[in-house]
Amino acid sequence: MANTVIIFSHGMGLRKDNRGMFDDISQALKDSGIEMVTFDYCDFNSETSELSVLPFSANAKKLQAQIDLVLTRKPDANIIIIGQSQGCIIPALCDLSHISQIIAISPFFHTNIQETISRYKSNFKSEVNLTAITKRIRSDGTTTIIPPEYWKERFETDVVKLFNETALKTRLTLICPIQDEIMKYTELKLIKYARIINADGNHDFSGQYRSILINIIHKEIC
């Protein structure tokens, strides 16, 4: 699979390795001859451990730039995008004409404003500020800096529509963890044309669930 390139699209407020998930996937596929591409959506301040989040549209420009770079080097490349959580929806905002497959891990559906505000208040002990900066303290010690432009685009995004449109343009697989502690997947019944895989796992497919995720991805790609 020497002509295949995987571009990874990480989740909100994370770095390019997606808390090690993408490193584990890359390691599992290292003998396949597939080229792996990771990059950061967020700007990271190492002195303050702050990650600055960008709106969906800005993230899409970053992902598109990575797609274009691959095509410049390999015009006939078989490009696969693997995203996790919010990183699953960003490819839908890009030009998918040269993308052969998208694998969406723990796909993002949280665009309901009241549900999101309630979740931030109860789970993260932080208030969502729709007109100024929101700060979310994460369990890994970093702080996610969220501008109001991000919330505006998030709450205006029709995720179901984007997934359905994407599935008509390229092969789309949604891998939904049964024990997900973040997403409820109540809207899955509205998803058409995509392949949906329900598997044991938490939102990050961490610990005992990581091997389950890797086996699924290996079967989907190889």
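From a predicted model like this one, the values you see are computed outputs, not experimental measurements. Every chain's residues receive numbers from 1 upward, in the order its sequence appears when written. Totals for whole chains, interfaces and linings use every residue, but because this is a predicted model, local features are given only for residues with pLDDT of at least 70 and side-chain atom pairs only at 80 or more, for both listing and counting. For the side-chain quantities, the full set of heavy atoms in the structure was used; hydrogens and water were omitted.

A. Focus on a negative patch on the surface. Taken together, E115, D158, E165 and E187 make up a surface patch of like negative charges. What makes E115 partly exposed here is its relative accessible area of 35%. Patch members must show over 30% relative accessible area and no salt bridge, and they are joined within 9 Å when carrying like charges or within 5 Å when they are nonpolar side chains of Val, Leu, Ile, Met, Phe, Trp or Tyr. We get accessible surface area from the Shrake-Rupley algorithm with a probe of 1.4 Å; when it comes to residues, only the shown protein chains can shield them. Criterion for a salt bridge: a side-chain nitrogen of Lys or Arg within 4 Å of a carboxyl oxygen of Asp or Glu. Lys and Arg are tallied as positive, Asp and Glu as negative. Neither His nor the chain termini are counted. Where a charge sits is defined by one atom per residue type, namely NZ (Lys), CZ (Arg), CG (Asp) or CD (Glu). Buried residues are those whose accessible area, probed at 1.4 Å on protein chains only, stays under 20% of the maximum for their type, while exposed residues exceed 50% and partly exposed ones sit between those limits.

B. Up close: unusual backbone geometry. Positive phi, normally seen in glycine, also occurs at N18, with a value near 55°. A run of H or I in DSSP becomes a helix once it reaches four residues, and a run of E becomes a strand once it reaches two; helices and strands are each numbered from the N terminus. Structurally, N18 can be placed in the loop between β1 (4-9) and α1 (21-28). Accessibility expressed as a relative area gives 2% for N18, which makes it buried. Although it is not a glycine, R19 sits at a positive phi angle of roughly 55°. One can find R19 in the loop between β1 and α1.

C. Up close: the sheet that holds strand β3 (residues 43-45). Here a strand pair is declared whenever DSSP counts at least two bridges between the two strands. Overall, mixed pairing links the 4 strands, which are arranged β3-β4-β8-β7 in an open sheet. Lying at the two open borders of the sheet, with one neighbouring strand each, are β3 and β7 (134-137). When strand polarity is set aside, the average angle formed by the axes of neighbouring strands in this sheet is 25°. Here strand β4 (residues 50-52) runs beside strand β8 (residues 143-146); their pairing, made up of 3 bridges, is parallel. Looking at the pairing, S52 lines up with I145 of β8. For helices, the fitted axis covers only the stretch in contact; all axes are lines through C-alpha atoms, and the angles between them, taken along N-to-C directions, range from 0 to 180 degrees.

D. Geometry of the side chain of T173. Tracing the sequence through the fold places T173 in strand β9 (residues 171-177). For T173, a relative accessible area of 0% puts it in the buried group. Reaching out from T173, the side chain makes a polar contact with the side chain of E220 at a distance of 3.1 Å. The criterion used for residue contact is that any of the two residues' heavy atoms lie within 4.5 Å. Excluding anything up to four places from it in sequence, T173 contacts Q101, I102, I103, A104, R195, I197 and E220. Distance and chemistry together define a polar contact, namely a pair of N or O atoms within 3.5 Å, with one atom able to donate a hydrogen and the other to accept it when in protein, and with adjacent residues in sequence counting only for side-chain atoms on both sides.

E. Focus on the pairing of β8. In β8, alternate side chains face the same way, and those of T143 and I145 on one face and T144 and I146 on the other are all buried. In terms of strand pairing, β7 meets β8 through 4 bridges, oriented antiparallel. Across the sheet, residue T134 finds its bridge partner in β8, namely I146. Where β7 hands over to β8, the hairpin turn is made up of 5 residues, of which G141 adopts a positive phi near 90°.

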